[in-house]
Each structure stands twice: as C-alpha cells, then as structure tokens.
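Observations on the model geometry
The chain contents come next:
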Amino acid sequence: MEKGKISIIIPVYNLEKYLSACIDSILCQKYKNLEIIIVNDGSTDSSKEICEEYQNKDQRVRVFSQNNSGVSVARNKGIKHATGDWIMFVDGDDLVDANLSEIIPQLDLENDVYMFAFTKIFGERKQTVGFGKKICFEKNDFENLQRWILNQYLYPINYVISSPCGKIYRRDFVMKNKCEFPANIKMGEDKIFNLQVFQYAQKGTYMDSSFYNYRVYQQSTVNKYSKDIVNTVENMLDKIRIFLEQYKKYEKFQDDYDIRIIMSIMYYIMLNFCHPKNSQKYSTRKAEFFNLVNQKKYSIAIKKVDGKKFPIRQRVLFVMIKAKWFWGIEQLNKLNRLYEKMKRS
C-alpha cells in the first residue's frame, strides 16, 4: 500500500489553453495516493467547466470556485481543504513529469520541506536548473535561504528557493505555523510564503531531480507591461520589511533588503518606464524615472549597494541607474529584450 498522501493545489484563472495538459500530467502518475485540489479563481473562459469535467471523471479531483481574488487567496483555500501528508503547488499552465511517482515514496516526514530542481520550457527547448547535488538543511541553514530570496539576481537558481512550485511541504508543519500567502499583494506572494516557511523550518532537503516543468512564454507576468508596477512592488517591499521587523531581522538583512530595492528599480524599468507598450512620451517617462530614484528610500539604496555583486547585465544597468542615464538605460533594455527573445526562439 502506498504511504504518504500528497495534496496537489492548482490555482486557476483563465487557463483553458493549458489546463488539461497540466491536470493530465498529474493524473497519469503511477503513484495514486494523491488528491488534486483545483481552485477556480473566477475564470471567465471555459476553465471552470474543464475543472468540473475532471472532477466528474476522477474522485481524486476536487474543485472549489470563488470570485476573482488572486492567486494567494486561491492557494490558501487549497491549503485549507488539503487532506494529504504533503502539499505541493502547481500552476495551471505548467506540467509535472512522471518521475514524481518515484520521488514521493522517498519523502521523510521528519523533513518540513523538500526542494527540487526545475525545468524551464522555452517552446521546444528545455533547460533544467538546480544545485547539482543533494543538500540537507538544518535549522541554522534556513536563514541563508531567506537571504537568497531577497537577493534574486545574485543567485541564478533563485527560483529553486523562492518559488512555492517545485517544492513539497509537510502539511501539518504548514498548518501548525500558519504559513500562508499574503492576500493583498499582486507580486512577491511566493517569496513572503517561503520566508515564513524558512523562518520555522527545522529540517529540509534539496533533491537534485526535476519533476516540475515551468513554461516560459512571451506574455508572462515578468514580461508584461504594468502601469501600476511601482505600487505593486512597493507593496511587496513593505510586506518584506514588515516580516523582517516582526522577526527582528531587519538590521541583519538590511544590505539584502537594499539589494531588493535596487532590483525593484530594475523591475520598474523593464515593466514600465522602458517597456515597448508604454505609450508616454520619452520626456514623461524620463521624468518619472528621475522622480523615483530621487526618493529617499531609493537614493539611499543606490548609494549603499555595491554594484559589483550583480551579474554583468544587471551590473551595467545599475551603473546607468546610479548615473541617472535614462537614454542609456532605454537602449540597454531594448538589447536585453532582444537577447531574451533570441533565447526563447
């Protein structure tokens, strides 16, 4: 008899194009002691009907619907209704490999969290990212993982640490420590969740095998124009700071928090100030950039952060930010977009 039931939580919003492939990749697993909890977050396409069709065909599939409230509320609802020993999060446009069936029996309930390599899918091309070896984590190691979450550009495999996908969490650990996704932010909810997990975790393991396939496509959130990106990211920064202050870690992590502020400026450039869909005049966008970097929080971080810590592309961008050379920033952003487009093709 298979031991260790796993609850797989899928938040869904308008994913009719990808949803069936995602669910099928889970239901075809040889490991049968699982449940799929799908939370339909107010989809306006046929996603709800697709989910209910699977629920009618397989008793392991349970569907819950809610008004559109965001991915955090959907995932939290999934946690609430989970009955397994383990919890796993899957985005409805991603895929799970068959080797998950080989991984689940190896899970030890003495661990609070398992982390895995993951595979990026760029059209027909795949790239697997991981540490390259098995790593066991004890209580004192998790503070370094929290630091990794803040310093995204400094660690190319940050997604392995910061994303809730490609991880398996012990459910009673999550419930006991009231780990949940913040409901009132639109970006960075995954980072806040794992900051909580790593705050309480006593033991964890990274296994250097990949079962999670993350689709990278042109109109993903990290590429899409966002008029409100400054407010969205500042909300995330506030939540991170509140977390650090709550656990008396702000002073210890202040340098890391400043790096996160610099990364936020880079987000603003990529998703707003220099995004090709921003129709504002050059002079208006330049003025908005100057207004932002002259604000106290950002100007202090720009002065304090050592740009040599960044990878080369971000290092060049940081030098331009520091010099307030907006024309150069815009040209560099165009080159970066062209480079990313070529990588995906």
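Let me sum up the structure you'll find in this document. (Residues numbered from 1 in each chain as written. Predicted model: local features only at pLDDT ≥ 70, side-chain atom pairs only at ≥ 80, totals over all residues. Heavy atoms only, no water.)

1. Brief notes about the side chain of Arg-170
Counting through the fold element by element, Arg-170 comes out in strand E9 (residues 167-170). Assessed through its relative accessible area of 14%, Arg-170 is described here as buried. (Helix = DSSP H or I, 4+ residues; strand = E, 2+ residues; numbered from the N terminus. Buried < 20%, exposed > 50% of the residue type's maximum accessible area, 1.4 Å probe, protein only.)

2. Observations regarding the packing of helix H10 (residues 254-273) against helix H11 (residues 282-293)
For the pair H10 and H11, interaxial distance at closest approach is 12 Å and the crossing angle is 165°. With respect to their mutual orientation, H10 and H11 come out roughly antiparallel. As for how H10 packs across H11, the hand of that crossing is right-handed. For the pair H10 and H11, the contacting residues are Ile-265, Tyr-268, Ile-269, Asn-272 and Phe-273 in the first and Arg-285, Glu-288, Phe-289, Leu-292 and Val-293 in the second. Tallied by class, the residues present in the contact of H10 with H11 amount to seven nonpolar, one polar and two charged. (Axes fitted to C-alpha atoms, helices over the stretch in contact; angles between N-to-C directions. Parallel < 35°, antiparallel > 145°, perpendicular 65-115°, else oblique. Left-handed = near helix turned anticlockwise from the far one by under 90°. Contact = heavy atoms within 4.5 Å. Nonpolar A, V, L, I, M, F, W, Y, C, P; charged D, E, K, R; others polar.)

3. Some thoughts on a nonpolar patch on the surface
A surface patch of nonpolar side chains, about 340 Å² in accessible area, is lined by Tyr-282, Trp-325 and Trp-327. In this fold, Trp-325 is placed in the loop between helix H13 (312-323) and helix H14 (326-344). (Patch = residues over 30% accessible without salt bridge, like charges linked within 9 Å, V, L, I, M, F, W, Y side chains within 5 Å. Areas by Shrake-Rupley, 256 points an atom, 1.4 Å probe, with all protein chains shown as cover. Salt bridge = Lys/Arg side-chain N within 4 Å of Asp/Glu carboxyl O.)

4. Looking at H13
The end-to-end C-alpha distance of H13, which contains 12 residues, comes to 17 Å, matching closely the 16 Å that a straight helix rising 1.5 Å per residue would cover. Looking at H13, one finds that the buried residues are Gln-314, Leu-317, Phe-318, Met-320 and Ile-321. Along the long axis of H13, the arc covered by the buried residues comes to 165°, so they all point the same way. With respect to the buried face of H13, the exposed residues turned more than 90 degrees away are Ile-312, Val-319 and Ala-323. Downstream of H13 by a residue or two, Lys-324 has a phi angle that is positive, lying close to 55°. (Expected span 1.5 Å × (residues − 1). Arc of directions from axis to C-beta.)

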